[in-house]
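Chain by chain, the residues:
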Amino acid sequence: RLAPPMRGTRGKSCDFTMTALSQQTDRTPPGKDRVANLAAARAADESFREALYFLGNILDRQWDLGRQVVVGWCTTANGIQVLFVPNHRLSEALADHQHLLIGSRHVDADTMDKMVQIFGKKPVSLTLPTVAGGRNITSADIETVVEKYCIKKIDSRAAVLFDIVKFGIYPPLEQVMQLNNLQYSINFAQTALVQHGISCKTSRSPTGDGFYVWNTKPGLDGDLDLFQFMVLVLAENAVAHYKGKGNTVPQLRTCFHIGSNFEYNQVDVLTPTIVSYIVGDLTINMSRMIDKALPGQILIGSFIKALNGEEISEENALKRINAPIFMSLAQRRVKQLSDLVPSGERVNDISLYLTGIKGSGDHYNVKRYRLRDKHGKSHNVFNAKLNIELSEDRKIFIGLRDNDLAEFDAEPSVLDLSGDWEP
């Protein structure tokens, strides 16, 4: 149904149009012929999807199997201009211009001119296809297509790492079963949050022994939603472990952290499949932390997150929060998950806290641990505990208590939350 993409267009202007899928006819007055109106709406939607597909097809040829990436695009009188840059030239220029990878790739004409000077590459001009039914292609629609061919830098994002304990010692069949079981827990958690009215669109990247998972929703709300997701995964896994037999349900050690990273898409050239990956300081630090984690342990990285104007309450608009403050916010949200049902079990209550030592009265001082990785670099972490009360007065305890950390290869210290401290 589509004309084939133009060939030989690299570095040249690429103009293309698209024939509408349905011919415009005299419009039937609304309410007079509902069937005709629905047919016209379906035709417009299909035409819209075909137009975006056609745009992606042209970008795919410029992408050239991953040899080039998009660094920016801007609107013109006749369509758009898209700046593709070869990978080798991108790495050479970005040492001083990494800010160009942050945020949307949609830029104005002046910024496009600056990018052309920085990268020494001219943009490709494209004429947008025609859509039947009067529907327009918006900038957000174009960005959705373009971002598949971009590398993004995110200064502050949360991610969670699920690692299966002693994965390498199990026979291949049990490894498959454990990975499949972990994937089910991840799928359950995401579905449960959506049904609960929480928008948590996660992406995941395999590590061999588990998965990195992150939320594509930016900001503090996205990070807190991801934390709720982590709690649900651990809850489902724990209940399944409580009921399971043999080694089909994995024992996990888990790390949650916030930091900077790069995100890119791996596009399969043979099938319409796009897989996201993240790399950077965030994943590197988490992999070092998880190496020191004990079986069943939950580690929370020590971080400072800038809020960029995001308010955490009506009365208090902080400029940045640390890990313990983040945990206090997360505790409130976790309480909202009590009516969710993992593995067929009704949850009465969920409690979450950072471990420490008992102070005066009912006060507890939080402990922070400094561990050193195989390269001698130090990382500060907190130990978290999660308790789930099921119906019929049954309780499941997830994570390790302070008394269980004798073999944790890290140096503990009591954190003074009233002072100004570094992550």
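For the structure, check the block above.
What comes next is a walk through the structure. (Residues numbered from 1 in each chain as written. Predicted model: local features only at pLDDT ≥ 70, side-chain atom pairs only at ≥ 80, totals over all residues. Heavy atoms only, no water.)

1. A word on the overall build of the chain
Each helix and strand counted, the chain has eight helices and 17 strands in total. For the chain, the residues scored as buried account for 47% of the 423 residues in total. Entry remark: accessible area of the chain is about 21,900 Å², with carbon and sulfur atoms responsible for 49%. (Helix = DSSP H or I, 4+ residues; strand = E, 2+ residues; numbered from the N terminus. Buried < 20%, exposed > 50% of the residue type's maximum accessible area, 1.4 Å probe, protein only. Areas by Shrake-Rupley, 256 points an atom, 1.4 Å probe, with all protein chains shown as cover.)

2. Some words on the pairing of strand β5 (residues 202–206)
The pairing of β5 with strand β6 (residues 210–215) spans five bridges and is antiparallel. The residue of β6 that forms the bridge with serine 203 is tryptophan 214. (Pairing = 2+ DSSP bridges.)

3. Re unusual backbone geometry
Phi angles above zero are rare outside glycine, and aspartate 64 is one such case at about 55°. Positive phi values are uncommon outside glycine, yet leucine 65 reaches one of about 60°. Positionally, leucine 65 belongs in the loop between α1 (34–63) and β1 (68–75). On the basis of relative accessible area, leucine 65 is assigned to the exposed category, the value being 65%.

4. Brief notes about the pattern of salt bridges
A full pass over the atoms with the stated rule returns 13 salt bridges. With a closest N to O distance of 2.9 Å, glutamate 263 and arginine 157 form a salt bridge. You can see glutamate 263 sitting in strand β7 (residues 252–267) and its partner arginine 157 sitting in strand β4 (residues 151–164), a full 106 residues away along the chain. With its nearest N and O atoms 3.2 Å apart, the salt bridge here joins arginine 401 to aspartate 404. Exposure remark for arginine 401: the relative accessible area of 46% places this residue in the partly exposed category. (Salt bridge = Lys/Arg side-chain N within 4 Å of Asp/Glu carboxyl O.)

5. Describing the layout of surface pockets
In this structure, the largest pocket encloses a volume near 850 Å³. What lines the largest pocket is a set of 34 residues, and nearest its centre among them are Lys152, Ile154, Arg157, Thr216 and Glu263. When the residues that make up the lining of the largest pocket are grouped by side-chain class, the tally is 10 nonpolar, 11 polar and 13 charged. (1 Å grid on protein atoms, 1.4 Å probe; cavity = no way out; pocket = protein on both sides within 12 Å on 5 of 7 lines; lining within 4 Å. Points joined across faces, edges and corners; volume = space filled by probe spheres on them. Nonpolar A, V, L, I, M, F, W, Y, C, P; charged D, E, K, R; others polar.)

6. Side note on the sheet that holds strand β3 (residues 124–127)
Across the sheet, which stays open at both edges, the three strands sit in the order β1-β2-β3 with antiparallel pairing between neighbours. Edge positions in the open sheet fall to β1 and β3, since each of these has one partner strand only. Taking each pair of neighbouring strands and ignoring which way they run, the sheet shows an average axis angle of 30°. Strands in contact with helix α4 (residues 139–146) are β1 and β2 (79–86); relative to β1, the strand with the most contacts, it is inclined by about 170°. (Axes fitted to C-alpha atoms, helices over the stretch in contact; angles between N-to-C directions. Contact = heavy atoms within 4.5 Å.)

7. Looking at the packing of aromatic side chains
For the structure shown, the criterion picks out nine aromatic pairs. Relative to phenylalanine 326, the ring of phenylalanine 303 has its centre 5.6 Å away and its plane inclined at 80°; by these criteria the two rings are edge-to-face. Highlighted residues: phenylalanine 303 in the loop between β9 (298–301) and β10 (304–306) and phenylalanine 326 in helix α8 (residues 323–334), separated in sequence by 23 residues. Neither phenylalanine 303 nor phenylalanine 326 differs from the other in exposure class; each is buried. By way of ring pairs, the aromatic residues Phe227, Phe256, Phe303 and Phe326 are connected into one cluster. (Phe/Tyr/Trp six-rings, centres within 6.5 Å; stacked < 30°, edge-to-face > 60°.)

8. Considering helix α5 (residues 172–195)
Between its terminal C-alpha atoms α5 stretches 34 Å, which fits the 34 Å expected from 24 residues at 1.5 Å a residue. Glycine 197, located one to two residues past α5, shows a positive phi value of around 85°. (Expected span 1.5 Å × (residues − 1).)

9. Concerning helix α6 (residues 219–243)
Counted at 1.5 Å a residue, the expected span for α6 with its 25 residues is 36 Å, and the 37 Å between its end C-alpha atoms agrees. The buried fraction of α6 amounts to 21 of the 25 residues, a majority that puts the element mostly inside the structure.

10. A closer look at the packing of α5 against α6
The geometry of α5 relative to α6 is characterised by a closest axis approach of 8 Å and an angle of 130° between their N-to-C directions. Relative to α6, α5 is oriented oblique. The crossing of α5 and α6 is right-handed. Here α5 contributes Leu182, Tyr184, Ser185, Ile186, Phe188, Ala189, Gln190, Ala192 and Leu193 to the contact with α6, which in turn contributes Asp225, Gln228, Phe229, Leu232, Val233, Glu236 and Asn237. (Parallel < 35°, antiparallel > 145°, perpendicular 65-115°, else oblique. Left-handed = near helix turned anticlockwise from the far one by under 90°.)

11. Let's talk about the side chain of aspartate 141
Relative to the helices and strands, aspartate 141 resides in helix α4. Sequence-distant contacts of aspartate 141, that is, excluding residues within four places in its chain, are made with Phe48, Leu52 and Asn136.

12. Some remarks on the environment of threonine 76
In this fold, threonine 76 is placed in the loop between β1 and β2. Overall, the relative accessible area of 34% leaves threonine 76 in the partly exposed class. Separated by 49 residues in sequence, threonine 76 and serine 125 have C-alpha atoms that sit 8.6 Å apart.

13. Let's talk about the pairing of strand β16 (residues 395–399)
Of the strand pairs in this sheet, strand β15 (residues 378–390) and β16 are connected by five bridges, and their pairing is antiparallel. Looking at β16, one finds that asparagine 387 is bridged to phenylalanine 397. Hairpin connection, β15 to β16: the antiparallel pair is bridged by four residues, and glutamate 392 has positive phi, about 65°.

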